[in-house]
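A look at the structure
What follows is the residue order along each chain.
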Amino acid sequence: MNTIISVNQLKKSFDEKQVVKEISFAVKKGEILCLLGPNGAGKSTTINMLCGILDYDGGDMRYQGKNIKDCLNQFKRNLGVVPQDLAIYEDLSAEQNVRFFASLYGLKGRVLEEKVNKALDFSGLLERKKDKAKTFSGGMKRRLNIACAIAHEPELLIMDEPTVGIDPQSRNHILSSIKKLSQHGMTILYTTHYMEEVEEISTRILIMDSGTIIAEGTKESLKEDIFDERQFIMEIEEDNNLNVDEFYKIEGIKKVEKKAQTLTITTLKNIENLDKIIAMVIASKSKILNLFCRTASLENVFLRLTGKSLRD
Ligand SMILES: Nc1ncnc2c1ncn2[C@@H]1O[C@H](COP(=O)(O)OP(=O)(O)OP(=O)(O)O)[C@@H](O)[C@H]1O
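Model, not experiment: these values are computed from the prediction.

To continue, consider the overall build of the protein. Regarding its fold elements, the protein presents ten helices and 14 strands. Relative to the 2.2 N^0.38 estimate, which gives 20 Å for 312 residues, the radius of gyration of the protein is 25 Å and therefore markedly larger than a compact globule would have. Once the C-alpha set of the protein is aligned to its principal axes, its extents read approximately 80 × 45 × 35 Å. Every one of the 312 residues in the protein was classed for burial, and the buried ones make up 46%. In the protein, once contacts between residues fewer than 6 apart in sequence are set aside, the share between residues at least 24 apart is 69%. Between the averaged position of the 45 positive side-chain charges in the protein and that of its 45 negative side-chain charges there is a distance of 5 Å.

What follows is the structure, given as structure tokens:
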């Protein structure tokens with residue numbers, strides 16, 4: 001995959017406090033890269049430096065291999081930004097808002113009108129295009145914010161927590177729109193502290209905490225790398241012969257718990273022992289009613305890496 005952006009040893013302090021600590025990462029063409037971290041982790045500061053809103057104290061950022069400072073205009077033409085705070089004009093209609101932002105990129109005439117309508121349609125606001133932004137719900141304003149950022153069809157779209165404080169319907173609309181934009185070839189850098197969003201849309205994840213990137217990978221690889229165990233949960237119809245201690249004789253078993261009809265077995269992930277576990281349950285003349293395997297969630301990954309829950 002081609003690298004569009006590379007960030008190297010980037011750092012930033014506010015009043016002696018270092019809030020971004022020499023971070024390095026790449027954004028690759030076509031990916032939905034999620035920057036995940038709790039409040040105050042340094043996500044917005046990083047994004048704002050990338051967009052040129054904030055100066056940085058050290059390190060550099062490259063676009064297509066060139067220092068962004070040396071190709072700022074080219075970079076900005078190919079960039080769309082959805083800021084954390086709404087950047088729309090309340091007294092203008094949806095259409096006027098999108099037209100204004102798209103025209104800043106030099107679009108005009110019929111092409112401009114086509115792209116404005118396309119962005120509004122994409123954001124589910126075409127039917128309300130003549131209405132003023134101030135008449136919109138919070139979720140619709142967020143969608144308008146996105147329409148303003150995508151009308152010029154940027155190569156890279158940076159979104160800073162675009163779903164904060166909105167209704168589930170608009171949130172779902174935004175998440176499915178992001179997946180569609182990605183399918184159409186747009187590269188997306190998305191910051192959030194919502195784990196579920198990362199599960200749903202990310203193709204790669206950077207986990208950030210206290211100004212540092214503490215882990216990087218796909219959701220599958222992060223779970224795989226950090227957890228060496230899995231759990232088998234069995235619902236059983238018991239015949240009273242099941243001896244929990246017997247399971248510890250099987251290689252890889254770490255913990256066995258039985259509560260009422262539920263048997264929970266924690267085992268090392270890289271040891272193939274399910275056949276032996278099932279054989280032992282059957283030998284006890286207990287009937288297996290249901291069986292499923294539980295693997296780690298991103299929430300577990302975050303907790304293991306930082307010692308705290310993302311919702312703290
Ligand atoms: N302009 C500023 N002046 C001083 N401190 C700042 C400024 N902007 C951010 N900070 C501090 O830098 C740290 C990182 O903030 P930042 O907004 O980048 O975090 P974040 O991960 O985006 O959090 P959130 O999810 O709340 O937006 C915080 O401690 C914040 O208080």
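Bringing the side chain of Gln231 into the picture now. Summarising the element assignment, Gln231 is placed in strand S11 (residues 229–237). Of note is the side chain of Gln231, whose polar atom sits 3.2 Å from the side chain of Thr266. Dropping the residues within four chain positions of it, Gln231 is found in contact with Thr264, Ile265, Thr266, Phe292, Cys293 and Arg294.

Further remarks concern the packing of aromatic side chains. Counted under the stated rule, the structure contains four aromatic pairs. Note on Tyr89 and Phe101: the rings are 6.2 Å apart at their centroids and 20 degrees apart in plane angle, and the pair reads as stacked. Taken together, the positions of Tyr89 in the loop between strand S6 (79–82) and helix H3 (94–103) and Phe101 in helix H3 put the pair twelve residues apart, joining distant regions of the chain. Given a relative accessible area of 18%, Phe101 falls into the buried group. Judged by centre distance (5.2 Å) and plane angle (75 degrees), the rings of Phe100 and Phe101 are edge-to-face. A relative accessible area of 33% means that Phe100 is categorised as partly exposed.

Burial within strand S7 (residues 156–160) is extensive, with five of its five residues counted as buried. Alternating residues of S7 divide into Leu156, Ile158 and Asp160 and Leu157 and Met159, and every residue in both groups is buried. Bridge count for S6 against S7 is four bridges, and the pairing is parallel. Directly across from Gly80, in S7, lies its bridge partner Leu157. Pairing geometry for S7 and strand S8 (residues 187–192), over five bridges, is parallel. Bridge pairing in S8 places Leu157 opposite Ile188. Handedness of the crossover joining S7 and S8 through helix H6 (residues 168–183): right-handed.

This part is about helix H4 (residues 109–122). With 14 residues, H4 extends 20 Å between its outermost C-alpha atoms, agreeing within 8% with the 20 Å of an ideal straight helix rising 1.5 Å per residue. For H4, the full list of buried residues reads Leu112, Val116, Ala119, Leu120 and Phe122. Along H4, the residues classed as buried sweep out an arc of 160 degrees about the axis, all on the same side. Opposite the packed face of H4, turned more than 90 degrees from it, sit the exposed residues Arg110 and Lys118.

Attention now goes to the packing of H3 against H4. Close contact between H3 and H4 brings their axes to 9 Å; oriented N to C, the two are set at 125 degrees. Judged by the angle between their axes, H3 and H4 are oblique. Viewed along their axes, H3 and H4 form a crossing whose handedness is right-handed. Side by side, H3 and H4 meet where Ala94, Glu95, Val98, Arg99, Ala102 and Ser103 of the first sit next to Leu112, Glu113, Val116, Ala119 and Leu120 of the second. Here the contact of H3 with H4 is built from residues that sort into seven nonpolar, one polar and three charged.

Let us look at the side chain of Asn273. Along the chain, Asn273 falls in the loop between strand S13 (262–268) and helix H9 (274–283). Asn273 sits in the buried class, given a relative accessible area of 1%. Side-chain polar atoms of Asn273 contact the backbone oxygen of Glu251, separated by 2.9 Å.

Glancing now at the nonpolar core. By size, the foremost hydrophobic cluster in this structure holds 49 residues, and its most contacted members are Val98, Leu144 and Leu157. In terms of residue count, the dominant contributor to this core is helix H5 (residues 138–150) (seven residues). Residues within four places of Leu157 in sequence aside, it is in contact with Gly80, Val81, Val82, Ala149, Ile150, Leu181, Met186, Thr187, Ile188 and Leu189. Listed in part, the 29 residues of the second largest apolar core include Leu10, Ala41, Ile47 and Cys51.

We now examine the pattern of salt bridges. Using the criterion set out here, one finds 22 salt bridges in the structure. Notably, a salt bridge pairs Glu90 with Lys141, separated by 3.2 Å at the nearest N-O pair. Here Lys141 lies in helix H5 and Glu90 lies in the loop between S6 and H3, a separation of 51 residues in the sequence. In this structure, Arg171 and Glu197 form a salt bridge, with 2.9 Å as the shortest nitrogen-oxygen distance. Note that Arg171 is positioned in helix H6 and Glu197 in helix H7 (residues 195–201), a separation of 26 residues in sequence. Counted as one network, the salt bridges with shared partners bring together Glu95, Arg99, Glu113, Lys129 and Lys130.

Calculation notes
Sequence order sets the numbering: in each chain, residues are counted from 1 along the sequence as written. Local features in this predicted model are restricted to residues of pLDDT 70 or higher, and side-chain atom pairs are both shown and tallied only at a pLDDT of 80 or more, whereas totals for entire chains, interfaces and linings draw on every residue. Hydrogens and water are ignored here; the side-chain numbers use all heavy atoms of the structure. Helical segments are the DSSP runs of H or I of at least four residues, strand segments are the runs of E of at least two, and each set is numbered from the N terminus. To get the radius of gyration, use the C-alpha atoms; to get the globule rule, take the number of residues to the power 0.38 and multiply by 2.2 Å. Remark: exposure states derive from per-residue accessible area (1.4 Å probe, protein chains only) relative to the maximum for the residue type, with buried under 20%, exposed over 50%, and partly exposed in between. Pairs of residues are marked as contacts when any of their non-hydrogen atoms sit within 4.5 Å. Under the counting rule used here, the positive set is Lys and Arg, the negative set is Asp and Glu, and His together with the chain ends is not counted. One atom stands in for each charge, and that atom is NZ of Lys, CZ of Arg, CG of Asp or CD of Glu. Think of a polar contact as two N or O atoms within 3.5 Å of one another; within protein, one of them needs to be a possible hydrogen donor and the other a possible acceptor, and neighboring residues in sequence only count if both atoms come from side chains. Stacked, edge-to-face and tilted labels apply to pairs of Phe, Tyr and Trp rings (six-membered ring for Trp) whose centres lie within 6.5 Å, assigned for plane angles under 30 degrees, over 60, and everything in between, in that order. Here, a strand pair is defined by DSSP locating no fewer than two bridges between the strands. When the strands point away from the viewer, a crossover counts as right-handed if the path from the first strand over the helix to the second runs clockwise. In a helix, the anticipated span is given by 1.5 Å times the number of residues less one. Working definition: the arc comes from the directions between the helix axis and the C-beta atoms, pointing outward to the latter. For helices, the fitted axis covers only the stretch in contact; all axes are lines through C-alpha atoms, and the angles between them, taken along N-to-C directions, range from 0 to 180 degrees. Any angle that is under 35 degrees is reported as roughly parallel, and any over 145 degrees as roughly antiparallel; angles of 65 to 115 degrees are reported as roughly perpendicular and all others as oblique. For any pair of crossing helices, the crossing counts as left-handed if the nearer helix is rotated counterclockwise from the farther one by less than a right angle, and right-handed if it is rotated clockwise. Under the scheme applied here, ten amino acids are nonpolar (Ala, Val, Leu, Ile, Met, Phe, Trp, Tyr, Cys and Pro), four are charged (Asp, Glu, Lys and Arg), and all others, including Gly, are polar. Working definition of a nonpolar core: buried Ala, Val, Leu, Ile, Met, Phe, Trp, Tyr and Cys residues. They are joined through side-chain atoms within 4.5 Å. Each reported salt bridge corresponds to a side-chain nitrogen of Lys or Arg within 4 Å of a carboxyl oxygen of Asp or Glu.

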